[in-house]
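Listed below, chain by chain, are the residues.
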Amino acid sequence: MSSSSNSTQLINCLIALSTKNPDFPYPLWENGFQIETIEPRILLSDTSQANPDIQFKRNNDALLFFECKDGHCEKNQLERYKKLTIEDIKRHHITSLTSPDLFFDLVYFTSKQKEEKIIQSVEKDGNPFPILILEESAIKFNPKSNKFKNPLLNSILNEIPIKTRVPQNFIPFMVDDDDKTILCALLQHFIQKNFIIKTEYQFTLDELLEELFLHLIHHYSPQARAELKGRLGKLLKILMEKDEFLGKIVRREDVFYVMPHRPRSFMKSCQKLITEMKDEIFKEDNKEIHPQLTFENF
Amino acid sequence: MSALKETKDMKEMKEGLQNYLLKIVDEDQENEEQGNDKKIKTYIIESNISTPEKIAHLPKYSVIKPTDNSNLKIIHLPDIPIKKSNKEKQLIYLDSSDPRFWLLHTNVGSKKMQAFVDELVLKNNSQLDFSWFASNFLENNCAIGQGEGFGLKYENSFLADTNSLDEGPLRRFSMLFWGGRPSDVLKGLKGNPGLASGVSLSRVKQIFRTEDGYVKENISRDGQFTLTKGNSIDSHLLAVDNIKMQYESIIQTIENDYRINFTTTENGYNLKGTYSVIKLEKKIENFQVFLNHLLSGNKPFRIFGLPNNVSNNFASVFAIDLHTNHKFNMEISENSIRIYLYKNSCGNVLTRLMTNLQQFYDSQITLMGCDNEQLI
């Protein structure tokens with residue numbers, strides 16, 4: 001079974017925890033934490049950059065940064081976080097909070113499967129930050145890691161029972177999701193365009209990237225964008241070779257054209273492709289063109 | 001019988017409808033439940049286009065004409081199916097004073113009018129939709145006066161084997177009840193575990209009294225009001241407006257609070273809104289059948305979807321609402337459906353989904369928002 005990548009799950013989980021919603025716990029929201037920024041960029045005094053995944057704010061004085069990990073804890077990144085100071089945050093105006101007593105916490109967040117890899121960093125690299133683990137039925141604080149500076153966080157994030165699946169579609173897909181997931185988003189996009197644009201839908205990979213990854217694309221590094229473009233290009237190439245789409249998706253130099261289709265037949269072709277597609281189909285290709293990307297690539 | 005006439009403004013339209021109502025009641029005293037072909041009908045049409053001039057697919061041979069009032073149009077229906085002896089004009093008043101919810105007033109016969117509205121609304125990308133009155137909306141929000149009866153219509157179309165003769169889950173259930181204490185009858189039916197999932201209201205009948213007079217209204221799940229008896233067109237218009245406002249309020253709540261909207265900030269992105277949840281009382285037994293049926297793009301759901309991460313009890317779906325062509329996503333599990341509408345999604349997709357799941361899957365489903373608030 002294919003699934004959303006761990007990174008996508010973790011990000012969506014954090015959004016759910018901080019967004020009032022019908023069926024998933026939201027202790028961050030209940031205690032006044034609001035999403036301030038997704039993927040903030042903070043230039044440090046040594047000219048390097050810290051780039052956590054989500055930034056929350058509370059009242060006028062508390063910030064909370066999350067670093068979602070889908071693998072081990074890179075020493076280089078950890079060192080940057082260790083160097084991050086409140087002055088860096090103030091200097092670059094990355095928050096609307098104005099209190100002179102502004103302070104922040106930074107926390108690593110990972111899945112149960114990757115817990116061991118992250119915990120190693122506590123002893124090995126002196127990771128001073130709290131670590132939260134997403135398990136099947138709870139989100140738990142790992143006692144081997146350090147506590148939060150903010151005592152409120154120690155109480156509300158110690159253990160959060162989960163009774164329903166983690167919401168996955170605040171952000172339905174990210175760069176390190178599998179091909180099938182991205183292909184679903186791609187075909188959903190083409191079907192929509194086919195209805196709206198009566199003539200052919202034409203785009204370059206850059207334009208497609210903008211339209212498809214609207215929610216986050218401006219925060220990706222040039223390297224990450226290039227990798228994504230490569231991935232989309234590869235998926236389009238595979239699509240163009242599929243019987244259902246022969247001659248219907250074509251490329252002329254850098255421009256792709258999705259020809260106008262009869263809606264019913266186009267939808268049927270897309271559904272057939274996704275239904276019959278084994279998750280492993282593109283696996284070998286993935287290994288070549290898409291080593292699992294993690295947030296720190298961006 | 002006097003016909004409805006072309007009018008130049010709303011006042012004339014109202015006077016024409018009032019005269020027609022008084023006349024038709026005199027002619028039809030003994031035939032309240034039949035002969036709806038002569039009755040005044042009003043449809044509430046949900047619109048995502050700015051003006052009627054921009055209707056993409058006006059049904060064949062019908063003609064739309066302006067009046068002195070820019071919010072009032074007259075639609076002439078083709079003469080072809082009308083008997084030669086019937087010289088009366090077949091026309092519909094289109095009132096777009098509320099740009100989101102248009103009103104169609106007419107006395108055109110039921111079948112012909114239904115065919116017209118279907119053709120107007122059901123074309124892909126029409127940007128028009130019915131107002132979908134879910135069973136619990138009909139029961140709770142349309143109780144504007146004295147209850148006089150109801151209609152139930154349920155057909156389980158999510159069964160793997162629809163032809164099986166074995167007695168299994170409830171397959172079909174329909175009935176019409178006219179008489180006293182309809183809410184007690186309904187309560188009794190709902191209390192029967194074998195029937196509860198099929199107690200899906202297709203219409204309710206209400207007597208609505210005002211200082212101006214009264215009307216008896218049949219209010220249907222597709223947003224149609226049939227004025228079966230009465231003496232006050234103002235009361236009819238008030239009844240329609242009253243229910244329209246309640247429906248509009250639900251759509252506004254959905255679109256304000258239950259759409260995911262990322263906004264760009266100087267340093268990143270902010271998020272507003274969340275998902276809503278359809279709570280399923282009856283577990284989905286055959287997941288594949290459920291997905292195939294729901295996501296085919298066919299009427300009445302008009303949802304096309306690409307299921308991902310499919311297992312025996314879960315699927316994440318990339319969907320398109322064929323009414324507006326907006327993207328939205330769903331997480332379908334055996335006990336619930338989470339619906340993620342995005343920035344421009346139309347809230348009507350949820351009322352359509354709810355109304356039709358109640359008719360074709362389980363009448364007991366509810367649409368839940370935050371704080372355990374039942375949206376529908």
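Here the structure is shown first, and the text comes after it.
Below is a summary of the structure that appears in this document. Bear in mind the structure is a predicted one, so any value in this text is a computation, not a measurement.

1. Things to note about the overall build of chain B
Part 1: When you go through chain B residue by residue, the secondary structure sums to 7 helices and 19 strands.
Part 2: Taken over C-alpha atoms, the radius of gyration comes to 22 Å for chain B, in line with the 21 Å a tight globule of 376 residues would show.
Part 3: In terms of its C-alpha atoms, chain B occupies a principal-axis envelope of roughly 60 × 55 × 40 Å.
Part 4: Within the span of chain B, comprising 376 residues, buried residues form 59% of the whole.
Part 5: For chain B, long-range pairs separated by at least 24 residues make up 61% of all intrachain contacts whose partners lie at least 6 apart in sequence.
Part 6: Taken as a whole, chain B presents about 15,700 Å² of accessible surface, with 47% of it coming from carbon and sulfur.
Part 7: Averaged over its 44 positive side-chain charges, chain B has a centre that lies 4 Å from the centre of its 46 negative ones.

2. Notes on the packing of helix 7 (residues 179–196) of chain A against helix 9 (residues 222–241) of chain A
Residues and elements named next belong to chain A.
Part 1: Packing of helix 7 against helix 9 leaves a shortest axis separation of 11 Å and a crossing angle of 70 degrees. When the axes of helix 7 and helix 9 are compared, the pair comes out roughly perpendicular. Packed against helix 7, whose contacting residues are Asp179, Ile182, Leu183, Leu186, Leu187 and Phe190, the element helix 9 presents Arg231, Leu232, Leu235, Leu236 and Leu239 at the interface.
Part 2: For the contact of helix 7 with helix 9, the per-class residue count stands at 9 nonpolar, no polar and 2 charged.

3. Concerning the interface of chain A and chain B
Part 1: Facing 54 residues of chain A, the contacting portion of chain B comprises 47 residues.
Part 2: Applying the counting criterion to the chain A and chain B interface returns 2 salt bridges.
Part 3: Of the charged contacts in the structure, one is a salt bridge between Lys20(A) and Asp371(B), with a shortest N-O distance of 2.4 Å.
Part 4: Linking chain A with chain B are 25 residue pairs in polar contact (both at pLDDT 80 or more), by the criterion used here.

4. Focus on the sheet that holds strand 12 (residues 255–258) of chain A
Residue and element names in this part refer to chain A.
Part 1: Spatially, the 3 strands line up as an open sheet ordered 10-12-11, and their pairing is antiparallel. A single partner strand is all that each edge strand has here, and the edge strands are strand 10 (201–203) and strand 11 (249–252). Recorded for the sheet is a direction-independent mean angle of 20 degrees between the axes of neighbouring strands.
Part 2: As defined by bridge partners, strand 10 adjoins strand 12 across 3 bridges and the pair is classed as antiparallel. Looking at the pairing, Gln202 lines up with Tyr257 of strand 12.

How each quantity is defined
Residues numbered from 1 in each chain as written. Chains lettered and ligands numbered in written order. Predicted model: local features only at pLDDT ≥ 70, side-chain atom pairs only at ≥ 80, totals over all residues. Heavy atoms only, no water. Helix = DSSP H or I, 4+ residues; strand = E, 2+ residues; numbered from the N terminus. Rg over C-alpha atoms; globule rule 2.2 N^0.38 Å. Buried < 20%, exposed > 50% of the residue type's maximum accessible area, 1.4 Å probe, protein only. Contact = heavy atoms within 4.5 Å. Areas by Shrake-Rupley, 256 points an atom, 1.4 Å probe, with all protein chains shown as cover. Lys, Arg positive; Asp, Glu negative; His and termini not counted. Charge placed at Lys NZ, Arg CZ, Asp CG, Glu CD. Axes fitted to C-alpha atoms, helices over the stretch in contact; angles between N-to-C directions. Parallel < 35°, antiparallel > 145°, perpendicular 65-115°, else oblique. Nonpolar A, V, L, I, M, F, W, Y, C, P; charged D, E, K, R; others polar. Salt bridge = Lys/Arg side-chain N within 4 Å of Asp/Glu carboxyl O. Polar contact = N/O pair within 3.5 Å; in protein donor to acceptor, adjacent residues only side chain to side chain. Pairing = 2+ DSSP bridges.

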